[in-house]
Amino acid sequence: MFDLFLSEFKRYRLVALAAYFLQILCWIIIGKMMIILQPIYFKHAILMLCALSAGVGIGAVQMLLHKRKNHWTYLIHRPLSMSKIHLALSAAALCVIFTGFIFPFISVVAYLDLMTNNVVDVRHYLMCVEMMLIAATAYFITTYAVLSPSKLVIMSLWMVAYLCARNTIHANYMLLYAAIFCGLSFYMSRCAFKIDLSVFSSKKPMIVLMSVAMQPLLFWILGSLQAIYYHVPMSIMGIHPNKDLTKDSYYSFVRSDTNQQFAALLAKSDSDLAPALNRQLSLAKFKSFGLRERVDVAKGQLFTSDRGYEIWDENNNIWVFSHDKMVFEGRHVRTDEQAGFLTRAGFVAASEKITPLQQFEYVPNIISSQYIYTQNTLFNIDFKAQKITPIYTLSGDEIFAGSPVSAFDLTLLSTNKRLVLFNKTDFSTASSLIEPLHSVNLPIALENNMHVEISQMTDGYLLLFNSSHFFGFEEEGSELIYVTHDNDITSLAVKQFDIRHQSRLLTEQYFTLSPIVSNVIEFSLGRILTTIKTTPESMKYFWQRSYPPSIWEFCISMALFSALITLIIAKRLPMSPSNRWLWVALSLIGALPALIAFLILNDWRDALRNDFKQETSHV
């Protein structure tokens, strides 16, 4: 077994060495142009592309060469079990991948850690672990596809695409997902590595994995077909419902002019203030911004997930937050000399003087060179005076939900419970705790993803809150709130939209095609396929939602149809009764995507042809 491993590794060692030195050269060039560990999407794409291309490329070339006539026979007739042959080939390929495509970035991170004053944490090395797991998953899925009777199983590569796209998940969960996918793909590759490559594995765990692995991408393809059979033809003919904005629907409302939205709500208001406010709308200015639950900056997250990287001071020092030390570390951008440490209590010259009480409790978000905020505290930084001051603090379970927004003479801060309005001048010059001008409670939970419009009136401000989940799951609505300078807060009008712009069978197609795939699997892993809509966390699973009966009837009909077709075809295939009913169960659960996966993973055409020949021969 070791001899086979060594022989296979030597076969590709020059490829690994060439890839290693080429990537080192690329990182040297990138380092001349920018800070290497600065988290921008371009670098994340490079790292993911290296891992993905390494796994797919090595896996495809290796197995295609071994799969050639006579070569496969020569390979499997060694005095080794199939498991050991597969393990030796896989180990050699993974060593090549690590040497040529993962080790270069490890070398770069280690150099920056040991030879410079760059901030390098454990999470930077964990990025290398993630890359290796992604490359291994890509390799195993590719070998599984090459060795399978149907090459359409390459659709299982969505697992790798999922891991590459999941850049905002906490590092622990990210590595857990990657390890699980790597283990499952290894099992699939091992089951496909068999003497007879013309048939699929009949093992029940393998049947489940083969079917489930294909369904998410099949589901996405089926959902995208709506553009071909509905949206494009309707748009060409000029009768698409989206072009008709005369309906009293939420879709039409949010696409109308902002002053018309305010006027529509004021027209519904019973308040005596409404006529006077309506007259001011023609000359009013508006500012819009979104309110939604942000993904928290987590301690130890992969560095490519960072929203901000550094703070610059007037001496060309850059201050980068260390997740290991939970303080900012400063260094001169040209000389690389240590500039000190910025803690929540102030500036410290040496790391040995940092106490646990001085460390930040949460990883801060960088707003500018003057402001940072953690989950519950907003800080002002004065590099000249060498001090850091908390200027606004939240209490209890209230946390900040985003960076400050400027509008007119205001600076607005959003939390998970309120919208806090500050005087812009007081906010920008604050050197101590400041009090807000106004504090407006959010009309609905922050997770319902609101869009806010604010307008300045003579005696105060109008705030319009819109949400597609205002009254519940996809129960759209709006509320108009008036805040006076005397801090009187009045809800002027609330509107619920009962008219749907399009049929729910169309808007909910991603759900009706396969509720299990589109909902349970998707939301359990973290959304990547059905990103068209943003759904509140408390309504993410279908049993937490309210659907009309027509949606449920369509879902059940599609599941029963898929199971019936699977049963009819499976009866004509040479498989055990238990496997037959397993396929039927999968189609009943997964609906149309599971049915298509069944047709791809079974040679049903030959079976039907044979049945047809037998029937005609009797005639």
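Residues numbered from 1 in each chain as written. Predicted model: local features only at pLDDT ≥ 70, side-chain atom pairs only at ≥ 80, totals over all residues. Heavy atoms only, no water.

Student: How should I be thinking about the pattern of salt bridges in this particular structure?
Tutor: Side chains that differ in charge, positive against negative, can pair when their charged atoms come close. Enumeration over the complete set of coordinates arrives at 11 salt bridges. A salt bridge links Asp 306 to Arg 123; the shortest N-O distance between them is 2.8 Å. Here Asp 306, found in the loop between strand S1 (286-291) and strand S2 (310-312), pairs with Arg 123, found in helix H5 (residues 122-147); they are 183 residues apart in sequence, far enough to count as distant. Since its relative accessible area comes to 4%, Arg 123 is described here as buried. One salt bridge in this structure joins Glu 508 and Arg 504, with 3.4 Å as the shortest N-O distance. Take Glu 508 and Arg 504: they sit in the same class, and that class is buried. What you see here is one network of salt bridges that share partners, running through Asp 121, Arg 123 and Asp 306. (Salt bridge = Lys/Arg side-chain N within 4 Å of Asp/Glu carboxyl O. Helix = DSSP H or I, 4+ residues; strand = E, 2+ residues; numbered from the N terminus. Buried < 20%, exposed > 50% of the residue type's maximum accessible area, 1.4 Å probe, protein only.)

Student: Looking at this model, I keep getting lost on unusual backbone geometry. Mind explaining?
Tutor: Peptide bonds are trans in most cases, and residues, glycine excluded, mostly fall at negative phi. One non-glycine residue, Asn 316, lies in positive phi territory at about 65°. With respect to the helices, strands and loops of the structure, Asn 316 is situated in the loop between S2 and strand S3 (317-322). A positive phi angle, near 55°, is found at Glu 474, a position not held by glycine. Relative to the assigned elements, Glu 474 resides in the loop between strand S16 (460-467) and strand S17 (477-484).

Student: Would you mind going over the nonpolar core with me for this structure?
Tutor: The nonpolar side chains of soluble globular proteins are, as a tendency, buried together. The biggest cluster of nonpolar side chains holds 107 residues, and the ones touching the most others in it are Ile 97, Phe 105 and Phe 193. Per-element accounting of this core gives the leading share, 16 residues, to H5. Ignoring anything within four residues of it in the chain, the contact list for Phe 193 reads Met 63, Trp 72, Leu 75, Met 82, Ile 85, His 86, Leu 89 and Leu 147. Residues Ala 401, Ile 444, Tyr 461 and Ile 481 belong to the second largest nonpolar core, which totals 21 residues. (Core = buried A, V, L, I, M, F, W, Y, C linked by side-chain atoms within 4.5 Å. Contact = heavy atoms within 4.5 Å.)

Take it as geometry only, folks, not as evidence of what the structure does.
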